[in-house]
Amino acid sequence: MFKHVDALGLPLQRCDSLGRVGPVEEKRTRRGRSSASPSASPCLCLYRYLLCEVRTSDPRSLQLLDDRSVFTALRNAVSRAHGDYGAGVCGLSFAVKYLNARTGVLFLRCRKSHYRLIWSALPFVSSLESRGQRLPCAVDCLHVGGTIRTCQKFLIRYNARQIQRLLPQCRSEEERVEVRRAVMSCSLKELEGEEEEDEEVC
C-alpha cells in the first residue's frame, strides 16, 4: 500500500484545528488511488461573555428594561458602527443571556472572533426603548470572560461595592431588602445551566 512520506522517508503528519498532531489519513478515490486529506471532525464554537452594566440618571427606571429591548438597542448600535457586516455578526449566536432590571447588570454572549466588534459598539448605545418609553442611558463593559463562571466571580466582587452605592438611595427598609435580593440574585447554578446550553457544534 502506498504511504505518504516526506523527503527523509518519514510518515507525513497533520495538525488539526485543536493543535493535535497525527498521521495523514488516506482516502480511496473511485479509480482506486489514495489521496491524503485531514479527517473532518466537528469543533465546538468558542464564545466570549461580556459582563455589562446599564447606567442611567434614575436607577429606578431600570425596572422598565427587558431582554428584547436591550438586544434591539445593541443590535442597532452594532449595525450603525459596523454596517451590514455588524448586522450579520449579530445573527451569529449573539444573545442577552442575563438581565437584572434592578441593578442594570447584563451578560452578553457572542462568538470569540466577534467580541471586540460587539464591545466597540457599546458606546453607541445612548438610549433604550421599552414599554413605550425612551430611557437615556449608557452601557459600560465591566469584564470579558471565556465562561459565565469567570464573569460571575467578578460580579460577586463588584456587587459588594454596588450594595454600598444603592442602599443610600432606598427610601424604606422593604426597598433595601429588595435591593439586596436583586444584587445577589445572580446564582452560579442558574448561569451554569445557561452555559451548558450554549455548547454547540459548528
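Here the structure is shown first, and the text comes after it.
Each chain has its residues counted from 1, running along the sequence as written. Local features are withheld for residues below a pLDDT of 70 in this predicted model, meaning they are given only at 70 or higher, and side-chain atom pairs are given and counted only at 80 or more; totals for whole chains, interfaces and linings count all residues. The side-chain numbers reported here are obtained from all heavy atoms of the structure, hydrogens and water having been left aside.

Draft legend 1. Highlighting the sheet that holds strand β10 (residues 138-145). Paired strands, as defined in this entry, are two strands with at least two bridges between them according to DSSP. Starting at the N terminus, helices and strands are each numbered in turn, a helix being any DSSP run of H or I of at least four residues and a strand any DSSP run of E of at least two. As summarised here, the arrangement of the four strands in space is β6-β7-β5-β10, forming an open sheet in which the pairing is antiparallel. Two strands lie at the open edges of the sheet, namely β6 (95-99) and β10, each paired on one side alone. Across the sheet, the axes of successive neighbouring strands diverge by a mean angle of 30°, strand direction being ignored. Bridge count for β6 against strand β7 (residues 105-111) is four bridges, and the pairing is antiparallel. Within β7, the position partnered with Y98 by the bridge is F107. The contact definition used throughout considers only heavy atoms, calling two residues in contact when any of these lie within 4.5 Å. Comment: axis = line fitted to C-alpha atoms, over the contacting stretch for helices; angle = value between 0 and 180 degrees taken between N-to-C directions. Strands β5 (47-55), β7 and β10 of the sheet are contacted by helix α3 (residues 148-166), whose axis makes an angle of about 15° with β5.

Draft legend 2. Representation of the pattern of salt bridges in the model. Salt bridge, as used here: a side-chain nitrogen of Lys or Arg that lies within 4 Å of a carboxyl oxygen of Asp or Glu. Counting across every chain of the model gives four salt bridges. Here E53 makes a salt bridge to R55, at a shortest N to O gap of 3.1 Å. D140 is paired through a salt bridge with R55; the nearest N and O atoms lie 2.4 Å apart. Residue D140 is found in strand β10, and its partner R55 is found in strand β5; the two are separated by 85 residues along the sequence. Owing to a relative accessible area of 29%, D140 belongs among the partly exposed residues under this scheme. Among the ionic contacts, a cluster of salt bridges with common partners joins E53, R55 and D140. The buried label applies to any residue whose accessible area, calculated with a 1.4 Å probe on protein chains only, is under 20% of its type's maximum; exposed applies above 50%, and partly exposed to all values in between.

Draft legend 3. Looking closely at the packing of aromatic side chains. Geometry of aromatic contacts follows a simple scheme: Phe, Tyr and Trp rings, the Trp one being its six-membered ring, pair when their centres are within 6.5 Å, and the pair is stacked under 30 degrees between planes, edge-to-face over 60, tilted otherwise. Under the counting rule described, the total for this entry stands at four aromatic pairs. For the pair F154 and Y158, a centre-to-centre distance of 6.4 Å together with 15° between the ring planes defines the contact as stacked. Remark: Y158 and F154 occur in helix α3; sequence separation between them is four residues, near one turn of the helix. For the pair shown, F154 and Y158 are each scored as buried.

Draft legend 4. Just the pairing of β7, in detail. Within β7, six of the seven residues are buried, leaving the element largely enclosed by the surrounding structure. Across seven bridges, β5 lies against β7 in antiparallel orientation. Bridge pairing links C52 to L106 in β7. Counted along the chain from β6 to the antiparallel partner β7, the turn is five residues long, and its residue G104 has a positive phi close to 80°.

Draft legend 5. How the structure looks around the side chain of T56. Position of T56 relative to the elements: it lies in the loop between β5 and α1 (67-90). For this analysis, a polar contact is any N or O atom pair within 3.5 Å, provided that within protein one partner can donate a hydrogen and the other can accept it, and provided that sequence-adjacent residues contribute only side-chain to side-chain pairs. Looking at T56, its side chain comes within polar contact range of the main-chain oxygen of D58, at 2.9 Å. Those residues in contact with T56 that lie beyond four places of it in its chain are S61, L62, L135, P136 and C137.

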